[in-house]
Amino acid sequence: MSTFAEQYLNLLKEQRQADLFPLLQTLTDAERKKFAPELKKLDTQYFKYEIIGKSKWGGDEYGYKSTDAQRHILALTHFVVYNRKDFERAMNIGIIQKDVLDTILPWYRPTWFNDYINSFSDNEFIPSFIDYGWYMELIDQEHVTESALLIARLLPGLILKKVYPEREYQPEKLFERPVTLQKHIWHLFEYTNTLNWADVSDEIWKKTFKDLCEQETLPRAKVLEECAAAVNRNFNQGLSNWFTDLFIYFEPTKAELISLQPVLLNTLNSPHSKPVNTILKLFKDLAGDDGFEQDGFMEHCPLVLSSESKTTVTNTLMILEKLAKKHADRRNKISILASQALIHQDDKLQIRAAKFISKYADSSSLDVWEAVSAYQQGLLFEAKGILEPFLISEEPAEDLSDLIEVNEQPDRQPIAFPQNFDELVYLASQAFDQNEAYHFDLLPAAILNFQHEMTEENIRKLLPAFQRAFKTSTGDWVSDRGYLDSMLAKFLTSYGLLLIKFYPNAALPFKNLYDDHLNKLKEKNKDTKWFESGIKAWEVFTHSKGYKPHKHILLNAFWALEHNLRVPLLSTPTHEPSLVSVDELIRRISMYQNRNTRPGLMDYQVAVMRCFIDNKDEALSLANSLLTGEPRQLIGFILGEDHQPNPQHHLKPVWLAAVLTHRRELIHAWAGYSKWNEEYLLAGFSWSSYVEHYEQKNYNYQKKEYEMEPATRNAVIVSINKTDTSPIASGIKSLWNKLTGNKTSTEYEEGYFDFIELKYKYISAEQNDIKRLMYLSPNWPEHWLVYISKEAFRYFDLTGENDKRLVISALEALMTLNYVYGDAGHLFIATCMLLNDKTVRLYAAELWIKGIKEQTIDSKKIGEIIGKHEYNGLAPLKRLTDLILSNMLHISPAHDRKLEQLLATCISNMNAKPLNNTKKLLDIYLEVLAANKQSVTDTKVLNVLSEWGKTSSSLTPVIERIKQGFSNSK
Amino acid sequence: MDSYSYANQEFNPTLLAVNEGLDLKKVENLTGRLSAIGLLGFDLDDNNFFYRRLPFKTSRILTLNPRLKDAEKLLAEGKVQIKSNTGNRVEAEVEGSGVHHMVLLEADQDRCTCMWFSKNQGERGVCKHILAVKKLLAK
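Residues numbered from 1 in each chain as written. Chains lettered and ligands numbered in written order. Predicted model: local features only at pLDDT ≥ 70, side-chain atom pairs only at ≥ 80, totals over all residues.

## What to know about the overall build of chain B
Right, so step 1: In terms of regular secondary structure, chain B is built from six helices and seven strands.
Right, so step 2: Taking the principal axes of the C-alpha coordinates as reference, chain B spans close to 45 × 30 × 30 Å.
Right, so step 3: For chain B, the residues scored as buried account for 22% of the 139 residues in total.
Right, so step 4: Excluding contacts between residues fewer than 6 apart, the proportion of contacts in chain B whose partners are at least 24 apart in sequence is 42%. (Helix = DSSP H or I, 4+ residues; strand = E, 2+ residues; numbered from the N terminus. Buried ≥ 20, exposed ≤ 12 C-beta atoms within 10 Å, placed from the backbone. Contact = placed C-beta atoms within 7 Å.)

Here it is in structure tokens:
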């Protein structure tokens, strides 16, 4: 006789469903377990979704090779054979339903069936085939045990019969089983369910409850009590709100409300605003009543008064006012409570609370005075005026210049240079992790410093770093890696190859590691050309010149290593974030002079751009004692000496870097050291922001074709006028010069300012490099800001994560720098204040605060740019008003004065037609004017205000108040 | 631990040593070790350690710590070699995949050349190589 498996297989092949159950009934528990793996194999075969032929459109057609009947036989077998885990994993469409299970459950019920059915109560959606009626039948037949959770989920559907597309109301269903109304209906108040969804289009359930109470089937008092309790049961917002609505639908009487007070007071703790506000409204009517639990309510006040919902705070204040009116003896206590509403930076709420306090509180009470004056710092001007008797009198603001803290010599943090070979080892192994931006500079400098210690043992110690370098330049790209990391990895690999050349024996471990990696690449059929090419051939795929300064510095270092020269790199930072002390620079240059050799030109330029001066006189005397010739003149020039351009200069690009970093006012005289126009050298550019009209390709479903349709998008266009001003040499002459290697006076040594560029079609890794690019010229990174603004703000708001990262990294870099912003810095910071990313806006606000403190930012320029962006409403004005309220208002008297300038220029540049939220902007302006005790005198601002007043009557009161000014007030 | 403390109770190693008659040196690193396996938390407001009752058997902790498990494996395979030990400064070599990592234990700092350590600089705990060296020294 054939085995069960064979019989089953035949049955399946021949699709004999009628014979299935008798066959399955022969199985014992042990046999079921044994057959399960066989069944899984059949599943894989019969449920395989694969190509079954060609579709009528010519492509591949996918489907099952098995028949519907075969798959149904398998699904029925799953129920009988599998354990719960396997059953849930397998395909079981159409099995868990009444008509199918009615044929199986009488002779077989899996042990997991009860848990499986009851577990549906945890599902977000309960399948439509499980309903209250069938579930009760299963309970009656003792196939499952009753779950209150699942009953609460199933019951909302009981009185609604779906008759597509309508629903039929069948309240009689509630009366079919006595247990439904006696017990189950109360589960709806206790467990999460979908009553709110069942009631979404009409109020069937609310009506049902009311009818049941009116018929006295359900006790009204209990329904009300359960309903109030349900609001507090931490249900989701929709269901909480539904119970709130039900409570109101019942129109509870005053007596009922008074008896339910303890439960209703608890509702004030709800995280949802609707229940809180509904109960507060009910309390408003109740507050005058003798039965009102005023102590209980007052205990809850701190919570509701600090609510983010203005309605909640206003309602609470209204109730408190009723209480204050009624209980004259408790007015001070109630006023102290009300003073908590002053925490909100909203003038209406503050004024309401202030009026309340001034009306009811006793100004001589120390307790009230203490409570109110605690909010003095955050009070807006009108509330401050009302509360004057309760506040500490303020000293008039001192002169602006005294209030701004100018830090002449910032607290500079020195960077630790590796002191021994072991420290070089640990630097090298983390150099590609960007733990610090300056690690890029430190690594080649440290290798130069320890190149004479490359023994076999030390090279072995460096192997993990070499291995990281190999993986960095040839492994899969990771999201936090920059192109500079790949460049540095290439440098380290090239240095390893140089070691083989210099010390063939000692460098053997490196050679083995290198060969191993090369073989692995070959085994994986990867192109090894990139790996084998050295640092000299390194190039970024966008061909952006912006990476050349870093590459040239690495080449400068590599040249010294190739020639076994023990000289330092000039540009290695000595202080964070990437600064070089002028004293150290002088010492480094003198080492080159002593060895009668020249530093690399790019290294020299970057060093000069990174240079900072703390003590001019000391630096000058050090330069006098250590340097001679052109380098001595150059350092003198940086320190303030007069020097003129000289055709004999060998270091022309370095002089240019010195002029543009330290003596920009002299650029006109020195512009001949570059082929580019002065405007470009000074990071000049032009920009405009507007709403751009363009044509967008959209699919027309009716015509079934693509069409061009007009559309609009925001745009910020930054134009850089970069012009080659060098006289054009004749073709033959220039060819002759090229062939002979002659350099005429019209040919220039390319330098840093020839290479600044941020070029990409789609941003890929530039966001991970931008800090290090900006740190090439930490004293004046304006060119980079022009390029970032040009690329990242093209469509105003930031769209991708990489764009955001680029802008945030640039903002982070600016936070570590201290220089007087030019036009690019202002455009960058002002635009960031309006962008669609909160982190970006907060950073921009912080930079403004820092800039005012260090006197490096011009608030008028910031205001002007914001005004121009907002002329056409490029960003919702709310972004700006929220930012000012939360981060820029009342930082210090000096900041408030600068904020006033910012707002005035912003308003004067805005459109005569007011935008949404202009009222808030004007409220803030009024607040700042009041704080500064100033009046508006700028006619441009007054004109715009007049225009706004004409267009919108709601703005008139605040505009009138602004026009009155505060310059005459105390 | 479960027999000494209840959940969220303040944990004071000195008090424990006094109560249980333990050597103070023995409990010196106790807070660090217990925190590392998740049994202690640190309350920033109260400035003290507190005991955490974990939702699984404490005997499973070691198997849930992958780096410690890996460190045991390195030791079992004999991949750890102490190169010098002057008391204040221990230099060791641990075999990694394809290279030998250099582990340096100094008074104020433990360092390793592996990727985990290079990336996190000890901020997410020490790497398996440092752990292995420490375990070898403790034997």
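## Concerning the overall build of chain A
Right, so step 1: Tallying secondary structure elements over chain A gives 50 helices and eight strands in all.
Right, so step 2: Overall, chain A is about 110 × 100 × 60 Å in size when its C-alpha atoms are taken along their principal axes.
Right, so step 3: Burial analysis of chain A (970 residues in total) assigns 38% to the buried set.
Right, so step 4: Of the contacts formed within chain A by residues at least 6 apart in sequence, a portion of 71% connects residues at least 24 apart.

## Here's the deal with unusual backbone geometry
Residues and elements named next belong to chain A.
Right, so step 1: With an omega of -5°, the peptide bond between Glu 576 and Pro 577 qualifies as cis.
Right, so step 2: Following the sequence through the fold, Pro 577 ends up in the loop between helix 30 (548-562) and strand 5 (580-581).
Right, so step 3: The phi angle at Glu 142 is positive, at roughly 60°, despite the residue not being glycine.
Right, so step 4: Secondary-structure assignment places Glu 142 in the loop between helix 8 (132-140) and helix 9 (148-154).

## A short note on helix 49 (residues 939-951) of chain A
All names here are of chain A.
Right, so step 1: Helix length check: helix 49 (13 residues) gives 18 Å between terminal C-alpha atoms against 18 Å at 1.5 Å per residue, within 8%.
Right, so step 2: Looking at helix 49, one finds that the buried residues are Val 941, Val 944, Leu 945 and Trp 948. Viewed end-on, helix 49 has its buried residues packed into an arc of 100°, placing them on one side of the element. Of the exposed residues in helix 49, the ones pointing more than 90 degrees away from its buried face are Thr 939 and Lys 950.
Right, so step 3: Turning to helix 49, the residues buried within the fold contact helix 47 (893-908), helix 48 (918-932) and helix 50 (956-964). (Expected span 1.5 Å × (residues − 1). Arc of directions from axis to C-beta.)

## Overview of the pairing of strand 2 (residues 40-43) of chain B
Along any regular strand, the residues point their side chains to alternate faces of the sheet.
Residues and elements named next belong to chain B.
Right, so step 1: When strand 2 meets strand 3 (residues 48-51), the two strands line up antiparallel, connected through four bridges. Opposite Gly 41, over in strand 3, you have Phe 50 as the bridge partner.
Right, so step 2: In this structure, the hairpin formed by strand 2 and strand 3 is closed by a connection of four residues, where Asn 47 is found at a positive phi of approximately 60°. (Pairing = 2+ DSSP bridges.)

## Focus on the interface of chain A and chain B
Right, so step 1: The partner chain B presents 14 residues to the 16 residues of chain A that form the contact.
Right, so step 2: Secondary-structure elements contributing two or more residues to the side of chain A that touches chain B are helix 24 (421-430), helix 26 (456-474) and helix 28 (508-523) of chain A.
Right, so step 3: If you tally residues by element for the side of chain A that touches chain B, the top one is helix 26 of chain A, at seven residues.

## Description of the sheet that holds strand 4 (residues 80-85) of chain B
Within a beta sheet, neighbouring strands are joined by backbone hydrogen bonds and run either parallel or antiparallel to one another.
Residues and elements named next belong to chain B.
Right, so step 1: Strand order in the open sheet formed by four strands is 4-5-6-7, and the pairing between neighbours is antiparallel. Each end of this open sheet is capped by a strand with a single partner; those strands are strand 4 and strand 7 (110-112). The mean angle between the axes of side-by-side strands here comes to 15°, regardless of whether they run parallel or antiparallel. (Axes fitted to C-alpha atoms, helices over the stretch in contact; angles between N-to-C directions.)

## Details of the sheet that holds strand 1 (residues 10-11) of chain B
Right, so step 1: Sheet architecture is open: three strands sit in the order 1-3-2 (chain B), paired in antiparallel fashion. Whereas interior strands pair on both sides, the edge strands pair on one side only; in this sheet they are strand 1 and strand 2 of chain B.

## Quick look at the nonpolar core
Considering soluble globular proteins, one finds that nonpolar side chains tend to be buried as a cluster.
Residues and elements named next belong to chain A.
Right, so step 1: Formed by 185 residues in total, the largest nonpolar core has its most connected members in Leu 488, Ile 788, Ala 810, Cys 832 and Tyr 925.
Right, so step 2: In this view, Tyr 925 contacts Leu 903, Ile 907 and Ile 962; residues no more than four positions away in its chain are not counted.
Right, so step 3: Counting 73 residues, the second-largest nonpolar core is a separate cluster that includes Leu 239, Leu 246, Phe 283 and Ile 334. (Core = buried A, V, L, I, M, F, W, Y, C linked by C-beta atoms within 7 Å.)

## Notes on the pairing of strand 1 (residues 49-54) of chain A
Residues and elements named next belong to chain A.
Right, so step 1: When you tally the buried positions in strand 1, you get zero out of six residues, a small fraction of the element.
Right, so step 2: In terms of strand pairing, strand 1 meets strand 2 (residues 60-64) through five bridges, oriented antiparallel. Bridging across to strand 2, Ile 51 finds its partner in Tyr 62.
Right, so step 3: Where strand 1 folds back onto strand 2 in an antiparallel hairpin, the turn is made up of five residues, including Gly 58, whose phi is positive at roughly 100°.

## Considerations on the packing of helix 15 (residues 254-267) of chain A against helix 16 (residues 273-286) of chain A
All names here are of chain A.
Right, so step 1: Put simply, helix 15 and helix 16 touch, their axes get as near as 11 Å, and they point 140° apart. Here helix 15 lies oblique to helix 16, going by the angle between them. The crossing of helix 15 and helix 16 is left-handed. Between helix 15 and helix 16, the residues in contact are Lys 254, Leu 257, Ile 258, Leu 264 and Thr 267 and Pro 275, Val 276, Ile 279, Leu 282 and Leu 286, respectively.
Right, so step 2: Taken together, the residues of the contact of helix 15 with helix 16 sort by class into eight nonpolar, one polar and one charged. (Parallel < 35°, antiparallel > 145°, perpendicular 65-115°, else oblique. Left-handed = near helix turned anticlockwise from the far one by under 90°. Nonpolar A, V, L, I, M, F, W, Y, C, P; charged D, E, K, R; others polar.)

Everything listed here is a matter of coordinates, which is why it stays silent on function.
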